[in-house]
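Descriptive analysis of the structure
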Amino acid sequence: LIVTLRGAMESISQCHPSLQIPLLFMLVRAPPRQQPRNHHLHPLSSISQKSFLCSARKFGAESLRITAKSTSGGGGDVVFRHDLQSNDLRRSYDKHGWVHIPDFLDAATCHRMLQEANAHFQKDTAFRSHEQHTVYQEETDPNYPALHPRNAQQQSSKTIVDFDRLAPTSPLKQLYGDKALKALIQGIVSPDSELYFSACPYNSAFYNMYEQGDGLGWHFDRGEFGVNLILQNPSQGGTFEYHANTRSEQDEWAFEKVQLLLDGEMEGVEAATEAKMGSLIIFAGRMSMHRVTPVTSSSPRINAILHYEKAPGQRLGAYTLQRFFGREV
């Protein structure tokens, strides 16, 4: 606008003096240009929007134009960013195996989620998980030695508030159920096929809290991809670390790479050190080993996990439900 006005003023100054005042008057009285309507917003009740320039990055990917959107529920607005034209994000996901969207969720919504999560953490409505597990999240195989990568035990501990424990007006439930968000995730991880909401009443979306000493050992996810929303970082530790494409469909065990990662000798491990409150991280967790390093400060790490599936009716198996959610099938 400033550039436009400056150019107009320069043009007027070059006119005959008798025309300068009338032209200047016309410039001042000119009606503002009407902005075109945005037809890409998902039609939900109570939608507000602003334009933002968001750096959709996995350590330096290009930026793109996205929109802030709020969806109203009984507990108030949940404001997040979305862009249905997710090609840039998709390219970054394909190249690196994960993508980081900073400031995806606005601060007010983050604080509402933290308030909800902490209310459960302080009561008996949260499950304290402290487990040993294999990298593959399967029972040990007696055909291999105890210290073999197939059976090597990892330590994980955290506190979980699962989907079933959240109120209908939960801001996390509002966010998870938004179809525009699901469309964004689909455009990044599965542009050619439909994504579905999880059929599991416990893992659809849930809160994690990692207190001092807590962490998540190296592992592969059972689902193809993960969606991780950062709500609070600890002052020390609790860093998400990731190794892209550790295994493949042709080598689903990848014992040699797994051993190198367990020994701390594998190159290519990346850390999401730039992630902060409101960051959204989407990663290909089934083929890529990842972990959360132990928290070493008194302030905890708190995040939310959202699960979408590539086939309808998907539920967690008994192993994961019992060990990480304290639930039975």
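Everything that follows concerns the structure shown earlier in this document.
Figured I'd write up the structure that's included with this text. (Residues numbered from 1 in each chain as written. Predicted model: local features only at pLDDT ≥ 70, side-chain atom pairs only at ≥ 80, totals over all residues. Heavy atoms only, no water.)

As for unusual backbone geometry
- Although it is not a glycine, Q137 adopts a positive phi angle of roughly 55°.
- Structurally, Q137 is set in the loop between strand 5 (127–134) and strand 6 (153–161).
- The class of Q137 is buried, set by a relative accessible area of 8%.
- Positive phi, close to 45°, is recorded for A254, a residue that is not glycine.
- Within the secondary structure layout, A254 lies in the loop between strand 11 (240–243) and helix 7 (255–262). (Helix = DSSP H or I, 4+ residues; strand = E, 2+ residues; numbered from the N terminus. Buried < 20%, exposed > 50% of the residue type's maximum accessible area, 1.4 Å probe, protein only.)

Here's the deal with the side chain of H133
- Its location among the elements puts H133 in strand 5.
- Judged by its relative accessible area of 1%, H133 is buried.
- Among the polar contacts listed, one links the side chain of H133 to the side chain of S156, at a separation of 2.6 Å. (Polar contact = N/O pair within 3.5 Å; in protein donor to acceptor, adjacent residues only side chain to side chain.)

Observations regarding the nonpolar core
- If you look at the biggest cluster of nonpolar residues, it comprises 48 residues, and the most contacted ones within it are L105, I185, Y207, L229, L231 and L306.
- In contact with L105, not counting residues within four places along its chain, are V78, V79, F80, C110, M113, L175, L229, L231 and G278.
- Grouped together as the second largest cluster of nonpolar side chains are 8 residues, V135, L261, M266 and M289 included. (Core = buried A, V, L, I, M, F, W, Y, C linked by side-chain atoms within 4.5 Å. Contact = heavy atoms within 4.5 Å.)

What about the pattern of salt bridges?
- The final tally for this structure, using the stated rule, is 9 salt bridges.
- The partner of D214 in a salt bridge is R128, with the nearest N and O atoms 2.7 Å apart. One end of the pair, D214, is in the loop between strand 8 (205–210) and strand 9 (216–219); the other, R128, is in strand 5, and 86 residues separate them in sequence.
- We classify R128 as partly exposed; its relative accessible area is 41%.
- Taking the shortest distance from any N to any O, the salt bridge between E224 and K310 comes out at 3.0 Å. Of the two residues, E224 sits in the loop between strand 9 and strand 10 (226–232) while K310 sits in the loop between strand 16 (308–309) and helix 8 (318–325), which places them 86 residues apart along the sequence.
- By relative accessible area, E224 is classed as partly exposed at 37%.
- With a relative accessible area of 34%, K310 lands in the partly exposed category. (Salt bridge = Lys/Arg side-chain N within 4 Å of Asp/Glu carboxyl O.)

A word on the environment of K158
- Mapped onto the elements, K158 comes out in strand 6.
- Taking the relative accessible area as the measure of exposure, K158 reaches 8% and is therefore buried.
- Separated by 54 residues in sequence, K158 and Q212 place their C-alpha atoms 9.8 Å apart.
- Filtering out sequence-adjacent residues up to four positions away, K158 remains in contact with F127, R128, S129, N208, M209, Y210, D214 and L216.

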